[in-house]
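Examining the three-dimensional arrangement
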Amino acid sequence: RPPVHTQGGQATICLAAVKALSSYHYFIEREAAFMGRLTVLKQIAQDLASEFGPDCEVVIHDLKTKDPEHSIVYIVNGHVTGRSIGDGPSDAVFDVIRNRNRKGSEPSDHSGYLMKTSDGKILKCSTSYIRDDDGSLHYVFGINYDITKLTMIENALHALITPQNKEEKPKQ
């Protein structure tokens, strides 16, 4: 047990050091909780990308970064959109984030919407806004599935199974 000194204000210094260490410990615990959340999000991202294959990009943005235009902290199958760690969100997501303070409302999750990349890929996307325990926005979790090949298959099947005379009924 360390001695407690009472001469020359040393007790005050020791008390201040204990308070500082306590505050630092709280900071470390808080950061560990955030790092824990990011670790879980990374695991989920990896599992989703593994399940749905190379056409499924899963991306995590950290919105508490100093530069939101370089917010990607984790990405799997980045070739889908051509992005990598350190890049920014899509224009649609960036607009939502940038405008949230102007409109006075927080962004809400958006699932199953379509986007088109600059190179012509058609993506089916879902975006989730992950908040901290205090309700503040911290992460964006995005899933971008390249459905370009699937739409070509859909069109080929439609052409194959649709009769020339669409009003014609199957014969018995």
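Above this note sits the structure.
Residues numbered from 1 in each chain as written. Predicted model: local features only at pLDDT ≥ 70, side-chain atom pairs only at ≥ 80, totals over all residues. Heavy atoms only, no water.

1. A closer look at the nonpolar core
Leu38, Leu41, Ala45, Ala49, Cys56, Val58, Ile60, Tyr74, Val76, Tyr139 and Phe141 together form the largest nonpolar core, which totals eleven residues. For this core, the secondary structure elements donating two or more residues are helix 1 (10-52), strand 1 (56-62), strand 2 (72-76) and strand 5 (137-146). Looking at which element gives the most residues to this core, the answer is helix 1, with four residues. With sequence-adjacent residues up to four places away left out, Val76 is seen in contact with Ala45, Gln46, Ala49, Cys56, Glu57 and Val58. If you look at the next biggest cluster of nonpolar residues, it comprises ten residues, including Ile97, Tyr113, Leu123 and Tyr129. (Core = buried A, V, L, I, M, F, W, Y, C linked by side-chain atoms within 4.5 Å. Buried < 20%, exposed > 50% of the residue type's maximum accessible area, 1.4 Å probe, protein only. Helix = DSSP H or I, 4+ residues; strand = E, 2+ residues; numbered from the N terminus. Contact = heavy atoms within 4.5 Å.)

2. Digging into unusual backbone geometry
Phi angles above zero are rare outside glycine, and Asn77 is one such case at about 60°. Along the chain, Asn77 falls in the loop between strand 2 and helix 2 (91-103).

No statement about biological role is implied by the geometric values presented.
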